[in-house]
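Below, each chain spelled out in residue letters.
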Amino acid sequence: MDVDVAAFRALEPLCWRAPSAHNTQPWRLDHRAGAIRVGWEPADTLPAADPSGRDLWLSLGAFVETCLVVAADAGLRLEYVADHDAEDRRVGWLRPSRHRYDTPFDAAQVRGRRTHRGRFSAGPDAELVAAVDTVARRAGGTARVVPEAGRWGRLIRAADRHLYADPAVVAELRSWLRLTPGHPDYHADGLTDRCLGLSRAEATGLRAALAAYPVLRRVGLPRLLATAAGDPLALGGTVLVLVGPSGMDDVARVGFGRVLMRTWLTLHAAGLAAHPLSQLIDAPATRAALGSLLGVAPDRLLHVARVGRPSGPAPRSARRLDDTRHAPG
Ligand SMILES: Cc1cc2nc3c(=O)[nH]c(=O)nc-3n(C[C@H](O)[C@H](O)[C@H](O)COP(=O)(O)O)c2cc1C
């Protein structure tokens with residue numbers, strides 16, 4: 001049995017709607033006889049911000065899950081086989097299967113899901129939190145609510161300050177920021193001013209501050225940038241943490257990227273959205289604090305996001321492959 005490569009290629013722009021940290025879209029597909037190789041491009045990874053590769057594996061897993069959902073919706077029978085090979089920069093294969101991938105989600109949900117960094121009018125109710133937790137538990141993980149998350153504003157600022165104090169992290173972030181529509185990759189990848197919810201003046205200010213970073217770093221710019229980033233927890237919602245089992249390797253982390261995608265689609269299907277706050281796990285002090293609050297080893301924390309019902313629509317993020325030629329966005 002071979003993959004219907006032509007049919008799958010036509011679906012790829014929609015598969016690229018998968019989410020990735022900094023919207024780097026690190027995945028690469030390579031069509032071979034009988035199977036499609038799922039690999040990654042090192043230039044689209046985040047060695048400074050994501051030295052452990054945690055977000056890379058999660059993003060690749062989210063992409064795999066998205067491919068399976070999109071293929072199933074189109075009637076293509078595909079399965080994913082993990083086959084991790086760091087030297088070949090490969091996580092696995094999409095292969096023909098005798099059965100349609102069993103998923104409650106569809107292509108329209110993949111197309112409509114968005115990260116939402118704005119205000120939430122409400123958090124998820126207990127039933128939805130339980131549904132998200134069930135999705136995680138089926139894979140050996142759990143989704144936990146952070147109690148009294150409103151008090152975490154100070155910790156978020158501390159985590160932001162930690163990140164902004166590292167010139168390599170800032171340089172990397174800057175290379176993926178698209179703060180003016182004139183940026184050559186504005187419609188291709190990275191984080192746009194619109195997606196970050198910045199006004200024109202705020203985007204201009206951030207550009208200037210980042211350009212001056214090498215000079216101003218020692219005189220308090222990291223603190224200033226962290227303060228300017230504001231307190232996302234004041235924008236409402238509930239903070240949910242995806243927790244994995246102990247001793248996860250990279251293959252398991254890709255598996256949890258698939259789980260992460262399923263949890264986001266579960267939220268989206270209920271009219272809710274996620275706003276990831278990865279800095280809370282990236283900075284060692286806040287990772288430790290979060291771990292001890294939840295009573296789990298810090299290395300089991302995979303992802304943290306503010307989750308809720310958006311007060312308004314979120315802008316659509318860019319992709320290198322554009323699916324709007326195939327269907328209404
Ligand atoms: C593993 C992972 C980590 C992420 N971390 C953050 C984060 O810390 N802050 C944030 O604002 N967005 C974060 N995002 C969201 C991405 O920036 C977003 O998915 C990407 O820009 C594409 O936008 P979309 O989700 O609206 O399609 C993360 C996404 C993934 C998959």
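The model shown is predicted, which means the values in this text are computed figures rather than measured ones.

## With respect to the side chain of Gln109
Step number 1: Counting through the fold element by element, Gln109 comes out in helix H3 (residues 107-112).
Step number 2: For Gln109, a relative accessible area of 17% gives the class buried.
Step number 3: Filtering out sequence-adjacent residues up to four positions away, Gln109 remains in contact with Pro104, Leu265, His268 and Ala269.

## Quick notes on the nonpolar core
Step number 1: If you look at the biggest cluster of nonpolar residues, it comprises 36 residues, and the most contacted ones within it are Phe8, Val38, Phe63, Tyr80, Val91 and Leu94.
Step number 2: Listing elements by their share of this core, those giving two or more residues are helix H1 (5-15), strand S1 (27-32), strand S2 (35-40), helix H2 (54-73), strand S3 (78-85), strand S4 (90-96), H3 and helix H10 (250-269).
Step number 3: The element that contributes the greatest number of residues to this core is H2, accounting for 12 residues.
Step number 4: Sequence-distant contacts of Phe63, that is, excluding residues within four places in its chain, are made with Cys15, Trp16, Ala18, Trp27, Leu29 and Val38.
Step number 5: Core analysis: the second largest hydrophobic core is formed by 20 residues, Leu128, Leu260, Leu302 and Val307 among them.

## Quick word on the packing of aromatic side chains
Step number 1: A complete count under the given rule lists three aromatic pairs for this structure.
Step number 2: An angle of 80° between the planes, with centres 6.0 Å apart, marks the rings of Trp16 and Trp27 as edge-to-face. Of the two residues, Trp16 is situated in the loop between H1 and S1 and Trp27 in strand S1; the sequence distance between them amounts to 11 residues.
Step number 3: Of the residues examined, Trp16 reaches a relative accessible area of 10% and is grouped as buried.
Step number 4: Taking the centre distance of 5.0 Å and the plane angle of 85° together, the rings of Trp40 and Trp57 count as edge-to-face. Remark: Trp57 occurs in helix H2 and Trp40 occurs in strand S2; sequence separation between them is 17 residues.

## A short note on unusual backbone geometry
Step number 1: Even without being glycine, His22 reaches a positive phi, approximately 60°.
Step number 2: With respect to the helices and strands, His22 occurs in the loop between H1 and S1.

## A short note on the site of the ligand
Step number 1: Around the ligand, a shell composed of 21 residues is seen, among which Arg113, Thr115, Arg117, Ser278 and Arg319 lie nearest.
Step number 2: Here Pro276 contributes a backbone N or O atom positioned 3.1 Å from a nitrogen atom of the ligand.
Step number 3: In this structure, an oxygen atom belonging to the ligand sits 3.0 Å away from a side-chain N or O atom of Ser317.
Step number 4: About the coverage of the ligand: the protein hides 91% of its 620 Å² of free accessible area.
Step number 5: Looking at the shell around the ligand, the element that brings in the most residues is H2, giving three residues.
Step number 6: Among the residues making up the shell around the ligand, the classes are represented as seven nonpolar, nine polar and five charged.

## Description of the pairing of S4
Step number 1: Most of S4 sits inside the fold, with six of its seven residues counted as buried.
Step number 2: As judged from the four bridges shared by S2 and S4, these two strands associate in the antiparallel manner. Each bridged residue has a counterpart across the sheet, and for Gly39 the counterpart in S4 is Arg90.
Step number 3: Following S3, the chain reverses through four residues before pairing antiparallel with S4; Arg89 in that reversal takes a positive phi of roughly 50°.

## Side note on H10
Step number 1: For H10, built from 20 residues, the straight-helix expectation of 28 Å at 1.5 Å per residue is met to within 8% by its first-to-last C-alpha distance of 29 Å.
Step number 2: Just past H10, the residue Gly271 takes up positive phi, approximately 85°.

## Re the packing of H2 against H10
Step number 1: Remark: H2 packs on H10, axes separated minimally by 6 Å, with the N-to-C direction vectors making an angle of 55°. By the angle class used here, H2 and H10 are oblique. Where H2 crosses over H10, the two elements pack in a sense that is right-handed. Along its contact with H2, which presents Arg54, Trp57, Leu58, Leu60, Gly61, Ala62, Val64, Glu65, Thr66 and Leu68, the element H10 presents Asp250, Arg253, Val254, Phe256, Gly257, Arg258, Leu260, Met261 and Arg262.
Step number 2: The class makeup of the residues in the contact of H2 with H10 is 10 nonpolar, three polar and six charged.

## So, the sheet that holds S4
Pairing between sheet strands relies on hydrogen bonds along the backbone, with the strands arranged either parallel or antiparallel.
Step number 1: What the four strands build is an open sheet, ordered S1-S2-S4-S3; its pairing is antiparallel. The sheet is open, and its two edges are formed by S1 and S3, each paired on a single side. Averaged over all pairs of adjacent strands, the angle between their axes in this sheet comes to 25°, without regard to strand direction.
Step number 2: The strands that H1 touches are S1, S2, S3 and S4; relative to S1, the one it contacts most, it runs at about 165°.

Reading guide: rules and limits
Residues numbered from 1 in each chain as written. Predicted model: local features only at pLDDT ≥ 70, side-chain atom pairs only at ≥ 80, totals over all residues. Heavy atoms only, no water. Helix = DSSP H or I, 4+ residues; strand = E, 2+ residues; numbered from the N terminus. Buried < 20%, exposed > 50% of the residue type's maximum accessible area, 1.4 Å probe, protein only. Contact = heavy atoms within 4.5 Å. Core = buried A, V, L, I, M, F, W, Y, C linked by side-chain atoms within 4.5 Å. Phe/Tyr/Trp six-rings, centres within 6.5 Å; stacked < 30°, edge-to-face > 60°. Near = heavy atom within 4 Å. Polar contact = N/O pair within 3.5 Å; in protein donor to acceptor, adjacent residues only side chain to side chain. Areas by Shrake-Rupley, 256 points an atom, 1.4 Å probe, with all protein chains shown as cover. Nonpolar A, V, L, I, M, F, W, Y, C, P; charged D, E, K, R; others polar. Pairing = 2+ DSSP bridges. Expected span 1.5 Å × (residues − 1). Axes fitted to C-alpha atoms, helices over the stretch in contact; angles between N-to-C directions. Parallel < 35°, antiparallel > 145°, perpendicular 65-115°, else oblique. Left-handed = near helix turned anticlockwise from the far one by under 90°.

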